[in-house]
Amino acid sequence: MTTMTDAEFLAIARSNPVNRELERRLAALGLPEGHLVAGCLFQAIWNQRSGRPADWGVKDYDVFYFDAADTSWEAEDRVIAQVAEATADLGVEVELRNQARVHLWYEKRFGAPYPQLHSAHDGIDRYLVTCTCVGIELASGALYAPNGLHDLAEGRLASNPLNPLTERFTEKAESYRARWPWLTVVA
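For clarity, every value in this text was computed on a predicted model and none was experimentally measured. (Residues numbered from 1 in each chain as written. Predicted model: local features only at pLDDT ≥ 70, side-chain atom pairs only at ≥ 80, totals over all residues. Heavy atoms only, no water.)

Draft legend 1. How the structure looks around the overall build of the protein. For the protein, the count of helices and strands is eight helices and seven strands. The C-alpha atoms of the protein give 16 Å as radius of gyration, which agrees with the globular expectation for 187 residues (16 Å, within 12%). C-alpha extents for the protein along the principal axes are approximately 45 × 35 × 25 Å. Long-range pairs, those at least 24 residues apart, make up 72% of the contacts in the protein between residues at least 6 apart in sequence. (Helix = DSSP H or I, 4+ residues; strand = E, 2+ residues; numbered from the N terminus. Rg over C-alpha atoms; globule rule 2.2 N^0.38 Å. Contact = heavy atoms within 4.5 Å.)

So this is what it looks like as structure tokens:
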């Protein structure tokens, strides 16, 4: 059985120098409820176990924030532009989403309804694979992992009951298994 502490997770995630730099730069922007989330974090864990560099296979760097005061495309685009300017020299793609507005476009893009969220944590909670529900709060550097770290460390992929899209889960899990064959899918 593999165990992992919050401190161990943070150290491995931060062994990717882009993650460290994004935390530093984006914290300075003061994004409300800003979090670095998803693949750039959990892939570092799986990469370490596989003997690969922490940033191997990272397609993009996802950032969530929550601003219910203005859920317009224009407001989100302004923040996207601000983040793009702050990170342009890093040479990576940063994808930013205001979790207060996901319910406005999710069904059209993915074909399934999505509830109105009340925090950035609500968005992290709804990733398709439970062990990938992780984020680092930009303001404090604290880890948010609502499902713990055991399954992530073990490489156990389970469908998230908060977002039970079986076909999308299967696609995502198989994509992960193609890169990290030792991962297991659990019912």
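After presenting the structure, the write-up continues.
Draft legend 2. Region of the structure containing the environment of leucine 143. Counting through the fold element by element, leucine 143 comes out in strand S5 (residues 143-144). Relative accessible area serves as the criterion here: at 15%, leucine 143 is assigned to the buried category. Sequence spacing of leucine 143 and alanine 7 is 136 residues, and the spatial spacing of their C-alpha atoms is 8.6 Å. What leucine 143 contacts, discounting residues up to four positions off in sequence, is Asp6, Phe9, Leu10, Gly135 and Leu149. (Buried < 20%, exposed > 50% of the residue type's maximum accessible area, 1.4 Å probe, protein only.)

Draft legend 3. Molecular detail of unusual backbone geometry. Although it is not a glycine, glutamate 33 sits at a positive phi angle of roughly 55°. Note that glutamate 33 resides in the loop between helix H2 (17-29) and strand S1 (35-37). Overall, glutamate 33 belongs to the partly exposed group, its relative accessible area being 34%. The phi dihedral of alanine 38 is positive, around 70°, even though this residue is not glycine.

Draft legend 4. Structural view of the layout of surface pockets. In this structure, the largest pocket spans a volume of roughly 910 Å³. Among the elements that line the lining of the largest pocket, the one with the most residues is helix H8 (residues 166-179), at five residues. Residue composition of the lining of the largest pocket, grouped by class: 14 nonpolar, eight polar and 10 charged. (1 Å grid on protein atoms, 1.4 Å probe; cavity = no way out; pocket = protein on both sides within 12 Å on 5 of 7 lines; lining within 4 Å. Points joined across faces, edges and corners; volume = space filled by probe spheres on them. Nonpolar A, V, L, I, M, F, W, Y, C, P; charged D, E, K, R; others polar.)

Draft legend 5. Structural view of the pairing of strand S2 (residues 61-65). For S2, a buried count of five out of five residues is recorded, marking the element as mostly surrounded by other parts of the structure. By the alternation rule, side chains of S2 split into Tyr61, Val63 and Tyr65 and Asp62 and Phe64, which are all buried. Alignment of S1 against S2, held across three bridges, turns out to be antiparallel. Looking at the pairing, histidine 35 lines up with phenylalanine 64 of S2. (Pairing = 2+ DSSP bridges.)

Draft legend 6. Seen up close, the sheet that holds S1. Read from one edge to the other, the open sheet built from five strands follows the order S3-S2-S1-S4-S5, with strand pairing classed as mixed. The sheet terminates laterally at strand S3 (94-98) and S5, the two strands that pair on one side only. In the packing of H2 onto the sheet, the strands contacted are S1, S2, S3 and strand S4 (135-137), and the crossing angle to S2 comes to about 30°. (Axes fitted to C-alpha atoms, helices over the stretch in contact; angles between N-to-C directions.)

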